[in-house]
2 protein chains.
Amino acid sequence: MEHTVRFASIHLARVPTGALLTEAARLAGVEINQPCGGQGRCGRCAVQVTSGTVRRRSSLRLSAEDIAEGYALACQTVVESDATVMVPEQEKVERRLTVDRVAAEVQVPHGYHFHTQQTIHRMSLSLTPPSMDDQTDDWSRLRKALRRHSDWTDVSISLPLLRRISGVLRQGDWHVSAILDVPDWECSPTCQARLIDLRPGHIAEGAPLWGLAIDIGTTTVTVWLVDLLTGQVRAQFAEYNGQIVRGEDVISRIIYASKNGGAEEMRQKVLETINELIQRACRSVAPNAAAAGAVSNAAADPNDIVKVVVAGNSTMIHLLLGLPAVGIRLAPFVTSVNDIPRLSAAEVGLSVNAEATVDCLPGVASYVGADITAGVLSAGTDESTQLTLFLDVGTNGETVLGSSEWLVTCACSAGPAFEGAGVVNGMRATRGAIEEAWINGATYEPTYRVIGSAKPRGLCGSGLISLLAEMFLTGVVDKAGNIKLDLPSPRLREGENGPEYVVAWAVETAHGRDIAITHVDIDNLIRAKAAIYAGFTVLAERVGVSLEAVERVLIGGSFGKYINVEKAIQIGLLPDMPWDRFHFLGNTSVQGAYRALLSPAARKAIQQIAAAMTYIELSADNSFYDAFMSALFLPHTDLAMFPSVSAATSDFGLRIAK
Amino acid sequence: MEHTVRFASIHLARVPTGALLTEAARLAGVEINQPCGGQGRCGRCAVQVTSGTVRRRSSLRLSAEDIAEGYALACQTVVESDATVMVPEQEKVERRLTVDRVAAEVQVPHGYHFHTQQTIHRMSLSLTPPSMDDQTDDWSRLRKALRRHSDWTDVSISLPLLRRISGVLRQGDWHVSAILDVPDWECSPTCQARLIDLRPGHIAEGAPLWGLAIDIGTTTVTVWLVDLLTGQVRAQFAEYNGQIVRGEDVISRIIYASKNGGAEEMRQKVLETINELIQRACRSVAPNAAAAGAVSNAAADPNDIVKVVVAGNSTMIHLLLGLPAVGIRLAPFVTSVNDIPRLSAAEVGLSVNAEATVDCLPGVASYVGADITAGVLSAGTDESTQLTLFLDVGTNGETVLGSSEWLVTCACSAGPAFEGAGVVNGMRATRGAIEEAWINGATYEPTYRVIGSAKPRGLCGSGLISLLAEMFLTGVVDKAGNIKLDLPSPRLREGENGPEYVVAWAVETAHGRDIAITHVDIDNLIRAKAAIYAGFTVLAERVGVSLEAVERVLIGGSFGKYINVEKAIQIGLLPDMPWDRFHFLGNTSVQGAYRALLSPAARKAIQQIAAAMTYIELSADNSFYDAFMSALFLPHTDLAMFPSVSAATSDFGLRIAK
């Protein structure tokens, strides 16, 4: 018996009863993604059956609600009558730099108010001009006026600014505006303010005043331009850290920086990146024209940037400031400084107001830096009574376990595999990177999704995780990561670099060369995931907590926004627990810097987090080595720890090599 | 249109039409003295234009003959074509300065003890090295050790030093020596220390540790190198302030500094002078070989200079620090800053330890600077119950009147006459200067004494005072300063510059020209002494004190060491009182800086002096003008005020002109 299946977009196909919807769609000339090769694993082929009868063989990944609304997996659903099927618009992936895409709306912290919460103060002053009866010097005159205005004990000033005040006072005919920072205004009734700028004339209440939250990642530098008056993030820009040309991971950068002149070169390279981002951010926003009055510029003025908060891992902070990083690399792995004194932009070399306060957030240890303390704050790990596991997945995998009661942390070197480095066809998550892949369990043919609708150029971190999970589930690799060259597919072959699986043939790629994943790549990936997994398991063991007791898993790092939880569990990178416990937070480091930029209380909380965290050095720990060795399998030596993966493998008839 | 100006010594500059010759010279790297600051007053910048067209804006001090020979004032002459300019050999200053000659023994303040009185602390530390069980960062480790050592609350550090500590800790194998400054150790039990240096290894108790006391005079810069351990002054060097070529008095320097780039040039010039003096001072002393141990160097190491105290008049301090000085010159005469924040040597530009504390002593007003507050301290004006008149005689005459109860101060512009400038045959008190003169009352023939047993080249300040007194006493001039040309002596004649008295004939002199004092010179001298005399008389009047009640007259300034009291009274520069009330103290400014270098109590006392002094602005005072007019006679309109001079004139049969 035959039926007419009408597709909403006027494509018709005639199929026999029992035909799969995917088959009908193919006949009708309708594109339905089947990344997993029609195995019902990925859920990407869901369609809505609006009339007619179908039978669902499997509805994995569909909720009861979905099913009630008629959703069905096209690859798992057969036609039993004439039917109408709506095909949802296929996912359009248009990617610029990962971080740019998610220039997401950031919530201004509840209750932020410039006049009460910001350490930056701005005030208009009218001074009595000097006369023959009052020959007080300019600085004393100004200082007295500033002190009358508030209850700070004294105001400090730098020599370069001191050189300018006499001119400004006269230029403004003794009407001036002062910008000050009172970083410790909460701590003490008698605190020291620092004059950041003095300008002629009174300034409009709403005239722009900017701050920056900066995260210096090993790979990516992120800059947020923040309106200090409202707390709003007005621009978010990210760029590759210019130091990459001197090494992809912190270790190679430390080695380079230890060479003659290397430290200064590293410092300049990251400064160039940051300063260019600042320029781009400033160009991208116009200050509120109404507030700025008649003179409305087309861009923000970097000179109006008066406060900067910097987060980043310890190595990045050391290299930014020209501090020797060599101790980070060598046992016993100590930094030069964890808690950096407050600096000025001129000292650091940032192209903003020379006197802007630069506050580098404090780190805990060589491999648990300010990115983690800031991340813990922004993730709220320290505030909740829930037992939380916070993971920052990058070139290093940092783990924090705890709650409002206690926090322990550790770090392990995952290596750059998850960032696409140290992998033959690896690349960063930019245009042309394969970011997700599926393998047909019968044919071993892959489907993949590329960032930016471009021809593929390589595999980024999430693509590698996805591909490895698929290779494992379809038996292309065994649990030890060995490629099964005896499977009947030309994609499995002995390549120049040993056994490999070809994801994309030369004809499909941007550069006209095959894109493959090699045995060595897989080894690197397994080591990376094993290190991270061992990290948090040992940490949990140390404090006597079972992983099952973990109520929330918060995942930070720009990487953290794209990995597919299911696949990350399948390779044994993330622990096997209900998906709703996982929360992807994005770049928690820059978020924490942003919080600290707006609130001295947040700044203080980060310091308290840094002080409260117990750092556990894993390299000194035998149990870490054991845990690491046990994790060098897909998903793990102990399959009992990964029940969902066991289930999936049996569902799909996975052959697990003995 | 551009022109090439060729300077004889093959220095070329390209300048546009209308450029000043001084500007062209500067571009060509040719040094031309401009003692009056390029105002065309002094005539010292005369050059000979041998080809090309120039236009003279002014030719003051040049004779018709000079002009015919092509002489032009470089600061008043503009280029109008390619030109060739001959620069006469610049005055060569024999650099055995007066202060060097009297490198006097300085008493270490009673009871000085490094360990209890000095703000500089030095300590040897042995830290527990980091280990896998203690991964504290280097700076925290060091900071903790430092805090254990004393009761300061915290230790601050600069970024450049922070960059060095990790290396030093390891170089010393965790045995290090730290040098700190705790400037306010007396003020508070919870004070902030600042790390100045960290060195590998433990240091011997007696290893050298130096400080500098600096006085920046308008004419002379004085540097004392002080052993901070013992308090002893180990070297005293002085040199002309390199700024002299841009103006002999503070006013012309302020004008020059107000020009584009002038302030920076002024800053560099005085820094060059100071830094050269520091080098000379360091080379001149070897640290105590025994204390320094085996490694005995031939010179002191500038890097061991860790504390610097600077005194000087307000203009000099402003120019040293690149602060705008223009407010000092223009009514209502206010400085940028009287009380300079503490700085580091690196900020100021001194060639000593980059982190050395630089403490510029506080001034009171534009014309009562740190040289006076330091002077008052070192003179002890503020400590004695005796009514004391303190005079600092230099290009400006500053006066302080008072006792431990009260202090009032004023300043008047004496002009450079007493320093030999603005006088046709004037020169500074160096080799070849006539420093004292006597005139035979019958023959009008002079006798003179020359500094350095050389042929005379001119008259220095003390020589001019001495000569004027003699001329007055012998009737060569009348009480109004008119030269009596009718006296029977060839030395009295109408010269190129009007009436003059020849002190030395061409055959006796080093340069083969007559040395004479002119009517105009005498006018300048009388105005200078009248200003100083009017200053202290008005000050006394203001506070209702009769000059006779003054129990001590303390005279400071390097000038103060050489004037002959009797002759100074005879011309009416000093008040007529018993000679034993006068005390010449030498350079009280550097002495005050030295006291502040050794004792925070002295530093505080100077601050209190600055705060306690009542400054009286004379230019706003009519009575000053009256007093000045009355003093424009030799010795004064009111001879009753100078009984000793009246007596002397009758002794010597003085004819006082009606």
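Small disclaimer: the values here were computed from a predicted structure and weren't measured.

About the thresholds
Residues numbered from 1 in each chain as written. Chains lettered and ligands numbered in written order. Predicted model: local features only at pLDDT ≥ 70, side-chain atom pairs only at ≥ 80, totals over all residues. Heavy atoms only, no water. Helix = DSSP H or I, 4+ residues; strand = E, 2+ residues; numbered from the N terminus. Buried < 20%, exposed > 50% of the residue type's maximum accessible area, 1.4 Å probe, protein only. Contact = heavy atoms within 4.5 Å. Areas by Shrake-Rupley, 256 points an atom, 1.4 Å probe, with all protein chains shown as cover. Axes fitted to C-alpha atoms, helices over the stretch in contact; angles between N-to-C directions. Parallel < 35°, antiparallel > 145°, perpendicular 65-115°, else oblique. Nonpolar A, V, L, I, M, F, W, Y, C, P; charged D, E, K, R; others polar. Salt bridge = Lys/Arg side-chain N within 4 Å of Asp/Glu carboxyl O. Buried area = accessible area lost by both parts, 1.4 Å probe. Polar contact = N/O pair within 3.5 Å; in protein donor to acceptor, adjacent residues only side chain to side chain. Core = buried A, V, L, I, M, F, W, Y, C linked by side-chain atoms within 4.5 Å. Phe/Tyr/Trp six-rings, centres within 6.5 Å; stacked < 30°, edge-to-face > 60°. Expected span 1.5 Å × (residues − 1). pLDDT = per-residue confidence, 0-100. Pairing = 2+ DSSP bridges. Arc of directions from axis to C-beta.

Student: Help me understand the overall build of chain A in this model?
Tutor: When helices and strands are tallied, chain A shows 20 helices and 29 strands. Counting the 658 residues in chain A, one finds 59% classified as buried. Taking as baseline every contact in chain A between residues at least 6 positions apart, the subset at least 24 positions apart corresponds to 67%. Of the accessible surface of chain A, which amounts to about 24,900 Å², a share of 50% is contributed by carbon and sulfur atoms.

Student: Help me out: how do you make sense of the packing of helix H13 (residues 370–379) of chain B against helix H17 (residues 588–598) of chain B in this one?
Tutor: Two measures define how a pair of helices packs: the angle their axes make with one another and the distance between the axes. All names here are of chain B. With their axes 7 Å apart at the nearest point, H13 and H17 run at an angle of 75 degrees to one another. Here H13 lies roughly perpendicular to H17, going by the angle between them. On H17, the residues touching Asp-371, Ala-374, Gly-375, Leu-377 and Ser-378 of H13 are Thr-588, Ser-589, Gln-591, Gly-592, Ala-593 and Arg-595. For the contact of H13 with H17, the class distribution of residues is three nonpolar, six polar and two charged.

Student: Is there a simple way to think about the pattern of salt bridges in this case?
Tutor: Opposite charge on two side chains allows them to pair when their charged atoms are near. All names here are of chain A. Under the criterion given, the structure shown has 43 salt bridges over all chains. Residue Arg-342 is joined to Asp-359 by a salt bridge in which the shortest nitrogen-to-oxygen separation is 4.0 Å. Separated by 17 residues along the polypeptide, Arg-342 in the loop between helix H11 (326–329) and strand S16 (343–344) and Asp-359 in strand S17 (residues 357–360) bring together distant segments of the chain. Taking relative accessible area as the criterion, Arg-342 reaches 36% and is therefore assigned partly exposed. A relative accessible area of 6% means that Asp-359 is categorised as buried. When the shortest N-O distance is used, the salt bridge between Arg-449 and Glu-436 registers 3.1 Å. Of this pair, Arg-449 sits in strand S22 (residues 446–450) while Glu-436 sits in strand S21 (residues 433–439), placing them 13 residues apart in sequence.

Student: Looking at this model, I keep getting lost on the interface of chain A and chain B. Mind explaining?
Tutor: The interface is formed by 36 residues belonging to chain A together with 35 residues belonging to chain B. For the pair chain A and chain B, the summed buried surface comes to about 3,000 Å²; carbon and sulfur atoms form 62% of the total. Summed over the three residues of chain A that lose the most area to chain B, namely A:Met132, A:Gln135 and A:Arg163, the buried surface amounts to 21% of that side. In this structure, the connection of chain A to chain B is made through zero salt bridges. Between the two partners, chain A and chain B, sit 16 residue pairs in polar contact (both at pLDDT 80 or more). Those elements that provide at least two residues to the side of chain A that touches chain B are helix H5 (138–149) and helix H6 (159–171) of chain A. A total of five residues in the side of chain A that touches chain B trace back to one element, the largest contributor, which is H6(A).

Student: Honestly, the side chain of B:Gln570 in this entry has me stumped. Any pointers?
Tutor: Turning to its location among the elements, B:Gln570 is positioned in helix H16 (residues 565–570). Discounting chain neighbours no more than four positions away, the residues touching B:Gln570 are B:Ala469, B:Phe472, B:Leu473, B:Pro635, B:Val645 and B:Ala648.

Student: What should I look at first to understand the nonpolar core in this one?
Tutor: Ranked by size, the top nonpolar core spans 114 residues in total, and within it A:Leu146, A:Leu195 and B:Leu321 carry the most contacts. The leading source of residues in this core is helix H8 (residues 262–284) of chain B, at eight residues. With residues up to four places along the chain from it excluded, the contact list for A:Leu195 reads A:Trp139, A:Leu142, A:Leu146, A:Val155, A:Ser156, A:Ile157, A:Leu161, A:Ala178, A:Ile179 and A:Leu180.

Student: What exactly am I supposed to notice about the packing of aromatic side chains here?
Tutor: Aromatic rings in a pair are described by how distant their centres are and how their planes are angled relative to each other. Scanning all chains against the criterion turns up ten aromatic pairs over all chains. Consider the rings of A:Phe333 and A:Tyr367, whose centres lie 6.3 Å apart with planes at 65 degrees: the pair is edge-to-face. Taken as a pair, A:Phe333 in the loop between H11 and S16 and A:Tyr367 in the loop between S17 and helix H13 (370–379) lie far apart in primary sequence, 34 residues in all. Residues A:Phe333 and A:Tyr367 agree in their burial class; the two are buried. Here B:Phe624 and B:Phe628 contribute two aromatic rings whose centre-to-centre distance is 6.2 Å and whose plane-to-plane angle is 15 degrees, an arrangement assigned as stacked. Residue B:Phe624 and its partner B:Phe628 are both found in helix H19 (residues 622–630); the two are separated by four residues, about one turn of the helix.

Student: So what exactly am I meant to see when it comes to unusual backbone geometry here?
Tutor: If a residue is not glycine, its phi is most likely negative; likewise, a peptide bond is most likely trans. All names here are of chain A. Geometrically, the link from Ala-331 to Pro-332 is a cis peptide bond, its omega value of 5 degrees lying close to zero. Mapped onto the secondary structure, Pro-332 falls in the loop between H11 and S16. One non-glycine residue with positive phi stands out, namely Trp-174, at about 70 degrees. Tracing the chain through its elements places Trp-174 in the loop between H6 and strand S10 (175–181). Taking the relative accessible area as the measure of exposure, Trp-174 reaches 7% and is therefore buried. Residues other than glycine seldom take positive phi values, yet Phe-333 does so here, at roughly 55 degrees.

Student: When you look at the packing of helix H7 (residues 250–258) of chain B against H8(B) in this model, what are you seeing that I'm missing?
Tutor: Residue and element names in this part refer to chain B. Contact geometry for H7 and H8: axes closest at 6 Å, N-to-C directions at 125 degrees. Judged by the inter-axis angle, H7 sits oblique to H8. Contact residues: H7 offers Arg-253, Tyr-256 and Ala-257, while H8 offers Gly-262, Ala-263, Glu-265 and Met-266. Tallied by class, residues from the contact of H7 with H8 come to four nonpolar, one polar and two charged.

Student: Quick question: what am I supposed to make of helix H14 (residues 461–473) of chain A here?
Tutor: Along an α-helix, a turn takes 3.6 residues, which lines up residues three or four apart on a common side. Residue and element names in this part refer to chain A. Look at H14: 18 Å from first C-alpha to last across 13 residues, which is about the 18 Å you get at 1.5 Å a residue. Within H14, 13 of the 13 residues are buried, which leaves the element mostly enclosed by the surrounding structure. Backbone geometry just downstream of H14 places Gly-475 in the positive-phi region, at approximately 80 degrees.

Student: Would you mind going over the confidence of the model for chain A with me for this structure?
Tutor: Any region with low pLDDT has predicted coordinates that should not be read closely. All names here are of chain A. For chain A, the average pLDDT comes to 86, and 89% of its residues sit at 70 or higher. Contacts of residues 292–296 to residues separated by more than four positions or lying in other chains number two contacts, the stretch itself having pLDDT below 50. Both scores are available for the predicted complex, with the pTM at 0.81 and the ipTM at 0.81.

Student: Mind showing me how you'd approach the environment of A:Leu161 here?
Tutor: All names here are of chain A. Secondary-structure assignment places Leu-161 in helix H6. On the accessibility criterion, Leu-161 (1% relative accessible area) is buried. Each C-alpha atom, one on Leu-161 and one on Leu-195, is 8.3 Å from the other, the two residues being 34 residues apart in sequence. Once you skip the residues sitting within four places of it in the chain, Leu-161 turns out to touch Leu-195, Ile-196, Asp-197, Leu-198 and Glu-355.

Student: What is the right way to read the sheet that holds strand S20 (residues 407–413) of chain A from this model?
Tutor: Consider a sheet: its strands pair through backbone hydrogen bonds, and that pairing is either parallel or antiparallel. Residues and elements named next belong to chain A. Spatially, the six strands line up as an open sheet ordered S28-S27-S18-S19-S20-S29, and their pairing is mixed. Taken across any chain shown, the strands that pair with only one partner, and hence form the sheet edges, are strand S28 (582–586) and strand S29 (614–615). Of the strand pairs in this sheet, S20 and S29 are connected by two bridges, and their pairing is parallel. Residue pairing in the sheet places Thr-409 in a bridge with Tyr-615 of S29.

Student: Which parts of the structure should I look at to understand the pairing of strand S12 (residues 210–216) of chain A?
Tutor: Two faces belong to every sheet, and in a regular strand the side chains alternate between them. The buried fraction of S12(A) is high, at seven of seven residues. Linking S12(A) back to strand S13 (residues 220–227) of chain A in an antiparallel pair, the connection comprises three residues.

Student: How should the sheet that holds S22(A) be read in this particular structure?
Tutor: Residue and element names in this part refer to chain A. Pairing in this open sheet of three strands is mixed, and the strands run S22-S21-S23 from one edge to the other. Looking at strand neighbours, the two that pair on one side only are S22 and strand S23 (458–459), the edges of this open sheet. Strand direction decides the pairing type here: S21 and S23, joined by two bridges, are parallel. Within S23, the residue paired with Ile-434 across the bridge is Leu-459. On top of the sheet, H14 reaches S21 and S23; it is set at about 10 degrees to S21, its chief contact.

Student: When you look at helix H7 (residues 250–258) of chain A in this model, what are you seeing that I'm missing?
Tutor: Residue and element names in this part refer to chain A. Buried residues of H7: Val-250, Arg-253, Ile-254, Tyr-256 and Ala-257, and no others. Axial view of H7: buried residues confined to an arc of 165 degrees, hence all on one face. Buried residues in H7 make contact with helix H8 (262–284), helix H10 (314–321), H11 and strand S19 (396–402).

Student: Looking at this structure, how should I read the pairing of strand S25 (residues 498–504) of chain A?
Tutor: All names here are of chain A. Here S25 lies mainly inside the structure; six of its seven residues are buried. Relative to S25, strand S24 (residues 492–495) runs antiparallel, the two being bridged by four bridges. Note on S25: the bridge partner recorded for Gly-495 is Gly-498. Joining the antiparallel neighbours S24 and S25 is a turn of two residues. Pairing between S25 and strand S26 (residues 515–518): four bridges, direction antiparallel. The residue bridging Ala-504 from the neighbouring strand is Ile-515, located in S26.

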